[in-house]
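Here are the chains, one letter per residue:
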Amino acid sequence: MEMEKEYTIQEIAARMELNKSTLYYYERVGLMLPVLRKPNGHRRYSEKDVEWLAFVKCMRQTGMPLESIRAFAVLHQQNGGLKQRIAILVEHHQRMLAQQEELAKAIDFIGKKIERFEEAIEQYPSLA
């Protein structure tokens, strides 16, 4: 039977493009599932930890509130609550879609402003 690869905190930080203090923070506030520790106290991360961190990183990058991630983590640790986890993800997905719509409006607004400035420069080169 092949042993699962274990990673140090430095390896995980580099692989996930996170700093060690972020990993410590995630663990401290309950966003990180319990991490295996060697007898000397050093953390050892598994591929499952890598997958979980990828999820947390994605949720953080997309603005999911910490409390929602923490609630999701608790349900995940209990290996249940699928309907509740779906509800958390659906709520976040809907929030992201609304943000996407607002961002699209802002992009359009800025694009039109650029066009107006470019037209003004064509008509009045001295304004450039």
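See the structure above.
Predicted model only: the values in this text are computed from it and were never measured.

### Topic: the overall build of the protein chain
Here comes step 1: Regarding its fold elements, the protein chain presents five helices and two strands.
Here comes step 2: When the helices and strands of the protein chain are listed from N to C terminus, the series reads α-α-β-β-α-α-α.
Here comes step 3: Over its C-alpha trace the protein chain gives a radius of gyration of 22 Å, far above what one expects of a compact globule, namely 14 Å for 128 residues.
Here comes step 4: Along the longest, intermediate and shortest principal axes, the C-alpha atoms of the protein chain span 75 × 35 × 30 Å.
Here comes step 5: For the protein chain, with 128 residues in total, the buried portion stands at 26%.
Here comes step 6: Across the protein chain, every contact between residues at least 6 apart in sequence was considered, and the portion connecting residues at least 24 apart equals 55%.

### With respect to the packing of helix H3 (residues 47-61) against helix H4 (residues 66-77)
Here comes step 1: Interhelical geometry of H3 versus H4 gives an angle of 155° and a closest axis separation of 10 Å. Between H3 and H4, the crossing angle belongs to the class labelled roughly antiparallel. In this structure, H3 meets H4 at a crossing whose hand is right-handed. Side by side, H3 and H4 meet where Trp-52, Phe-55, Val-56, Met-59 and Arg-60 of the first sit next to Leu-66, Ile-69, Phe-72, Ala-73 and His-76 of the second.
Here comes step 2: Here the contact of H3 with H4 is composed, by residue class, of eight nonpolar, one polar and one charged.

### Details of the pattern of salt bridges
Here comes step 1: As enumerated under the stated definition, the model contains ten salt bridges in all.
Here comes step 2: Beyond isolated ion pairs, a larger network of salt bridges with shared partners links Glu-27, Arg-37 and Arg-43.

### Re helix H5 (residues 82-123)
Here comes step 1: The end-to-end C-alpha distance of H5 is 61 Å, a good match for the 62 Å that 42 residues give at a rise of 1.5 Å each.
Here comes step 2: Those residues of H5 lying buried are Arg-85, Ile-88 and His-92.
Here comes step 3: Residues of H5 that are buried in the fold lie against H3 and H4.

Cut-offs used in this document
- Residues numbered from 1 in each chain as written.
- Predicted model: local features only at pLDDT ≥ 70, side-chain atom pairs only at ≥ 80, totals over all residues.
- Heavy atoms only, no water.
- Helix = DSSP H or I, 4+ residues; strand = E, 2+ residues; numbered from the N terminus.
- Rg over C-alpha atoms; globule rule 2.2 N^0.38 Å.
- Buried < 20%, exposed > 50% of the residue type's maximum accessible area, 1.4 Å probe, protein only.
- Contact = heavy atoms within 4.5 Å.
- Axes fitted to C-alpha atoms, helices over the stretch in contact; angles between N-to-C directions.
- Parallel < 35°, antiparallel > 145°, perpendicular 65-115°, else oblique.
- Left-handed = near helix turned anticlockwise from the far one by under 90°.
- Nonpolar A, V, L, I, M, F, W, Y, C, P; charged D, E, K, R; others polar.
- Salt bridge = Lys/Arg side-chain N within 4 Å of Asp/Glu carboxyl O.
- Expected span 1.5 Å × (residues − 1).

These values are about where atoms sit, not about what they do.
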